[in-house]
Amino acid sequence: TLKVEDAATIIEDLLEVLRKEGLVESAARQNREDPARAYRLKAAAMLWKAGDGKVPYDPVRMPRQPDQGLRINPFFKDFYREMGGTLQGYEAREHTAQVKAEVREEREKRFAEASLPVLYASATLELGVDIKDLNAVNMRNVPPTPANYAQRSGRAGRNGQPAIVFSYCSTYRSHDQYFFRRPLLMVAGAVSTPRIDLSNEDLVASHVHSLWLSASGADLRFSMTDVIDVGDVDRLPIHDSVADQLKNQALAEKAKARVEVAFSGFAAELSEAPWWRPDWIDSTISDAYGGFNLACERWRTLYRTARKQVDLHTRIVNDHGRPYQDKLRSKGLRAEAEAQLELLTSSDGRFDSDFYTYRYFASEAFLPGYSFPRLPLSAYIPGRKRVSGTDEFLSRPR
């Protein structure tokens, strides 16, 4: 049985042979002396051949071939045969929260000028972006509500110009299939006034927390290091200056007054919620600091883990009795941990960063937020330096 270390050596040797023969090129080196950590297939080394319209069997992706054979999708076969050639030279870019604000603005400008013909967008393009001459919008699924549909479809056909708007309806999404059978409910449905679900205690509590934080006057600024004292690695406590403002004795009464004013219009509806009790506002405000501190735990865990990784691999790199390959690997892992720390402690003022303070507390459901997943899983993704220039944490719902 081949050991993992032996297999890794064989793979590295094979790729080095392919590199010398000009089929692949090395990428993502830490420096010239380090072995390559990734390889790219050279486009010039690929042989392009016209297909025969049949699906090739790939035993790697599909170990067992279906008894009835493989079925080709006739739409894509006809599309590539009849339309593919007309798309040569088309450029498309993405417009999402993962793209830096300045890059998004540049793409909006190019899209408006038609020098960028296709833009793949998330909800970031739904509000506040005016593309004057846009004449086609394609939605990859049916939007959540008629309000979303109106905003997304409204990007096209401004000033009375004609436009085409179409949506894909997935077979496997009950939401899509419901509106596929009742399209007028989405396309011509009345846009209802947005409402807060008063039966959701966590959602209502997040609004109480926002009023409490506002009443305190505390400024959380941009970075979590403005909230948490990283000088004390063992405890990682909240900065005294922030804690003093949030623990102020007069804060509870001030926050309660704001909450009562804000909630006065729907006090009767709140009283019907199953979790409501007469002292709920007082209790939520008194527990607010504890909840704020608890919401910092995910950041603390990520920070401590990255610090431990830096310390561990620094010891290995400085251990002159260690084999060269061990020290080389530790240099790479230490660099990744340092990049993680940079992301966790960045204070460059980016509002789209997952660790921008207010966005972070929204993702932890302590503060209200737009479409942020509660208690998400965060995965560190090392960036390809020559391409993106950055590393990042990706947060996704559990």
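Let us look at the structure shown here. (Residues numbered from 1 in each chain as written. Predicted model: local features only at pLDDT ≥ 70, side-chain atom pairs only at ≥ 80, totals over all residues. Heavy atoms only, no water.)

### Points about the overall build of the protein
Stage number 1. The helix and strand tally for the protein stands at 15 helices and 8 strands.
Stage number 2. For 398 residues, the compact-globule estimate of 2.2 N^0.38 gives 21 Å, and the C-alpha radius of gyration of the protein, at 27 Å, exceeds that figure by more than 25%.
Stage number 3. Reported as C-alpha extents along the three principal axes, the dimensions of the protein are approximately 75 × 70 × 50 Å.
Stage number 4. Per element, the accessible surface of the protein, about 26700 Å² overall, is 53% carbon and sulfur.
Stage number 5. The positive charge centre, built from 56 side chains, and the negative charge centre, built from 55, are 5 Å apart in the protein. (Helix = DSSP H or I, 4+ residues; strand = E, 2+ residues; numbered from the N terminus. Rg over C-alpha atoms; globule rule 2.2 N^0.38 Å. Areas by Shrake-Rupley, 256 points an atom, 1.4 Å probe, with all protein chains shown as cover. Lys, Arg positive; Asp, Glu negative; His and termini not counted. Charge placed at Lys NZ, Arg CZ, Asp CG, Glu CD.)

### Remarks on helix H4 (residues 146–153)
Stage number 1. Pro146, Asn148, Tyr149 and Ser153 are the residues of H4 that are buried. One face of H4 carries all of its buried residues, which in axial projection span an arc of 155 degrees.
Stage number 2. Its buried side turned inward, H4 meets strand S5 (136–139), strand S6 (164–167) and helix H6 (183–187). (Buried < 20%, exposed > 50% of the residue type's maximum accessible area, 1.4 Å probe, protein only. Arc of directions from axis to C-beta. Contact = heavy atoms within 4.5 Å.)

### A look at the packing of helix H7 (residues 201–216) against helix H9 (residues 251–263)
Stage number 1. At their nearest, the axes of H7 and H9 sit 9 Å apart, and the two run at 130 degrees to each other. Between H7 and H9, the interaxial angle falls into the category oblique. Handedness of the crossing formed by H7 with H9: right-handed. On H9, the residues that touch Val204, Val208, Leu211, Trp212, Ser214, Ala215 and Ser216 of H7 are Leu251, Lys254, Ala255, Arg258, Val259, Ala262 and Phe263.
Stage number 2. Of the residues belonging to the contact of H7 with H9, the class tally is 10 nonpolar, 2 polar and 2 charged. (Axes fitted to C-alpha atoms, helices over the stretch in contact; angles between N-to-C directions. Parallel < 35°, antiparallel > 145°, perpendicular 65-115°, else oblique. Left-handed = near helix turned anticlockwise from the far one by under 90°. Nonpolar A, V, L, I, M, F, W, Y, C, P; charged D, E, K, R; others polar.)

### A short note on the pairing of strand S3 (residues 92–95)
Stage number 1. Sheet topology note: the S3/strand S4 (residues 118–121) ladder contains 4 bridges and is parallel. Directly across from His95, in S4, lies its bridge partner Ala121.
Stage number 2. Once the chain exits S3 it traverses helix H3 (residues 101–112) before rejoining the sheet at S4, and the crossover so formed is right-handed. (Pairing = 2+ DSSP bridges. Right-handed = clockwise from strand over helix to strand, strands pointing away.)

### Quick word on the environment of Ala150
Stage number 1. Following the sequence through the fold, Ala150 ends up in helix H4.
Stage number 2. Taking the relative accessible area as the measure of exposure, Ala150 reaches 40% and is therefore partly exposed.
Stage number 3. Through-space distance from the C-alpha of Ala150 to that of Met186 is 8.8 Å; in sequence the pair is 36 residues apart.

### A short note on the packing of aromatic side chains
Stage number 1. By the definition in use, this model includes 19 aromatic pairs.
Stage number 2. Taken together, the aromatic side chains of Trp212, Phe292, Phe355, Tyr360, Phe361 and Phe366 make up a single cluster linked through ring pairs. (Phe/Tyr/Trp six-rings, centres within 6.5 Å; stacked < 30°, edge-to-face > 60°.)

### Describing the nonpolar core
Stage number 1. Core analysis: the largest hydrophobic core is formed by 48 residues, its most contacted members being Trp212, Leu246, Phe263, Trp280, Phe292, Trp299 and Phe361.
Stage number 2. Those elements that provide at least two residues to this core are H7, helix H8 (240–246), H9, helix H11 (280–286), helix H12 (288–295), helix H13 (297–317), helix H14 (324–345) and helix H15 (357–363).
Stage number 3. Counting residues per element, this core draws most heavily on H7, which supplies 6 residues.
Stage number 4. One finds Leu116, Ile131, Met139 and Phe179 within the second-largest nonpolar core, a separate group that totals 14 residues. (Core = buried A, V, L, I, M, F, W, Y, C linked by side-chain atoms within 4.5 Å.)

### Notes on the pattern of salt bridges
Stage number 1. Per the stated rule, a full pass over the model turns up 14 salt bridges.
Stage number 2. Residues Asp176 and Arg173 are paired through a salt bridge, measuring 3.3 Å at the closest nitrogen-oxygen approach.
Stage number 3. One salt bridge in this structure joins Arg298 and Glu364, with 2.4 Å as the shortest N-O distance. A residue pair is termed long-range when its members are at least 10 positions apart, and Arg298 in helix H13 and Glu364 in the loop between H15 and strand S7 (377–381) qualify at 66 residues. Considered together, Arg298 and Glu364 belong to a single accessibility category, that of buried residues.
Stage number 4. Salt bridges sharing common partners tie together Glu91, Arg93 and Arg110. (Salt bridge = Lys/Arg side-chain N within 4 Å of Asp/Glu carboxyl O.)

### As for the side chain of His209
Stage number 1. Mapped onto the elements of the fold, His209 is located in helix H7.
Stage number 2. A polar atom in the side chain of His209 sits 2.9 Å from the backbone oxygen of Phe366. (Polar contact = N/O pair within 3.5 Å; in protein donor to acceptor, adjacent residues only side chain to side chain.)

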